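Fold and geometry: a report
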Amino acid sequence: MAEKPIWEQIGSGFVQHYYQQFDTDRVKLSDLYTDASCLTWEGEGFQGKTAIMTKLTSLPFQSIQHSITAQDHHPTPDSCVMSMVMGQLKADQDQVMGFQQVFLLKNVDNKWVCTNDMFRLALHNFGA
């Protein structure tokens, strides 16, 4: 079997690390963002490592578990990696919910960091 392209290796490695950290100790996610990073969480924007971490550590659950069902990774013309993730999550005793998340990864000082992060729960209001 042929080796995966480097951007897929980078993207899938980041995704695995991100959700492992998110599920066990969200505070450790700060190493994955920079002061220039941007996060959109359910339509609400945050810029910079401090604002992003304030949002992520204040989410109203004690425990969470992510299950990734699909992920795709693309190289970008400026040597970054774009990753799209689909999966399910279970927070505390809530029901299982679907989610989508997109990351733009950039190599800064020989370390892959998330410059852009967009997250949405897969909730649909068909009655609206």
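Residues numbered from 1 in each chain as written. Predicted model: local features only at pLDDT ≥ 70, side-chain atom pairs only at ≥ 80, totals over all residues. Heavy atoms only, no water.

**Focus on the overall build of the protein**
- A tally of regular secondary structure across the protein gives two helices and six strands.
- Each helix (α) and strand (β) of the protein, taken in turn from the N terminus, gives the series α-β-β-α-β-β-β-β.
- Radius of gyration (C-alpha) of the protein: 15 Å, near the 14 Å computed for a compact globule of 128 residues.
- Viewed in the frame of its principal axes, the protein has a C-alpha envelope of about 40 × 35 × 30 Å.
- For the protein, long-range pairs separated by at least 24 residues make up 46% of all intrachain contacts whose partners lie at least 6 apart in sequence.
- Carbon and sulfur atoms make up 52% of the accessible area of the protein, which totals about 7,900 Å².
- Treating the 9 positive side-chain charges of the protein as one cloud and the 14 negative ones as another, the clouds have centres 3 Å apart. (Helix = DSSP H or I, 4+ residues; strand = E, 2+ residues; numbered from the N terminus. Rg over C-alpha atoms; globule rule 2.2 N^0.38 Å. Contact = heavy atoms within 4.5 Å. Areas by Shrake-Rupley, 256 points an atom, 1.4 Å probe, with all protein chains shown as cover. Lys, Arg positive; Asp, Glu negative; His and termini not counted. Charge placed at Lys NZ, Arg CZ, Asp CG, Glu CD.)

**A word on the pattern of salt bridges**
- Under the counting rule described, the total for this entry stands at one salt bridge.
- The residue Lys55 makes a salt bridge to Glu44 at a minimum N-O spacing of 3.9 Å. Of this pair, Lys55 sits in helix H2 (residues 49-57) while Glu44 sits in strand S2 (residues 44-47); the two residues are eleven residues apart in sequence, bridging distant segments of the chain.
- According to the relative accessible area criterion, Lys55 is buried, its value standing at 18%.
- Residue Glu44 is classed as partly exposed on the basis of its relative accessible area of 43%. (Salt bridge = Lys/Arg side-chain N within 4 Å of Asp/Glu carboxyl O. Buried < 20%, exposed > 50% of the residue type's maximum accessible area, 1.4 Å probe, protein only.)

**Description of the environment of Gln101**
- Secondary-structure assignment places Gln101 in strand S5 (residues 97-108).
- Its relative accessible area of 2% is what places Gln101 among the buried residues.
- A sequence separation of 20 residues divides Gln101 from Leu121, and the C-alpha atoms of the two residues are 8.7 Å apart.
- Ignoring anything within four residues of it in the chain, the contact list for Gln101 reads Tyr18, Tyr19, Ser83, Met84, Val85, Asp117, Met118 and Phe119.
- Only 3.4 Å separates the side chain of Gln101 from the side chain of Tyr18, close enough to count as a polar contact. (Polar contact = N/O pair within 3.5 Å; in protein donor to acceptor, adjacent residues only side chain to side chain.)

**Details of the packing of aromatic side chains**
- Tallied over the entire structure, the rule returns ten aromatic pairs.
- Between the aromatic rings of Phe14 and Phe103, the centroid separation amounts to 5.2 Å while the plane-to-plane angle is 70 degrees, which identifies the pairing as edge-to-face. Taken together, the residues Phe14 in helix H1 (residues 6-24) and Phe103 in strand S5 connect sequence positions 89 residues apart.
- Phe103 gets classed as buried once you look at its relative accessible area, which sits at 0%.
- An aromatic cluster is present here, built from Phe14, Tyr18, Tyr19, Phe22, Trp41, Phe99, Phe103 and Phe119 joined pairwise through their rings. (Phe/Tyr/Trp six-rings, centres within 6.5 Å; stacked < 30°, edge-to-face > 60°.)

**What to know about the UniProt feature "domain: NTF2" (unreviewed entry) in the protein**
- Mapped onto this numbering, the UniProt entry gives "domain: NTF2" (unreviewed entry) at residues 10-121.
- Annotated as 21% helix and 53% strand, the span residues 10-121 places its first and last C-alpha atoms 24 Å apart. (UniProt positions renumbered as here; feature names shortened; annotations may be inferred.)

**Let's talk about unusual backbone geometry**
- In this structure, Glu42 takes a positive phi of about 55 degrees despite not being glycine.
- Looking at the secondary structure, you find Glu42 in the loop between strand S1 (33-41) and S2.
- Glu42 sits in the partly exposed class, given a relative accessible area of 33%.
- At Asp92, a residue that is not glycine, the phi angle is positive and equals roughly 50 degrees.
- Topologically, Asp92 is positioned in the loop between strand S4 (81-91) and S5.
- The exposure class of Asp92 is partly exposed, given its relative accessible area of 27%.

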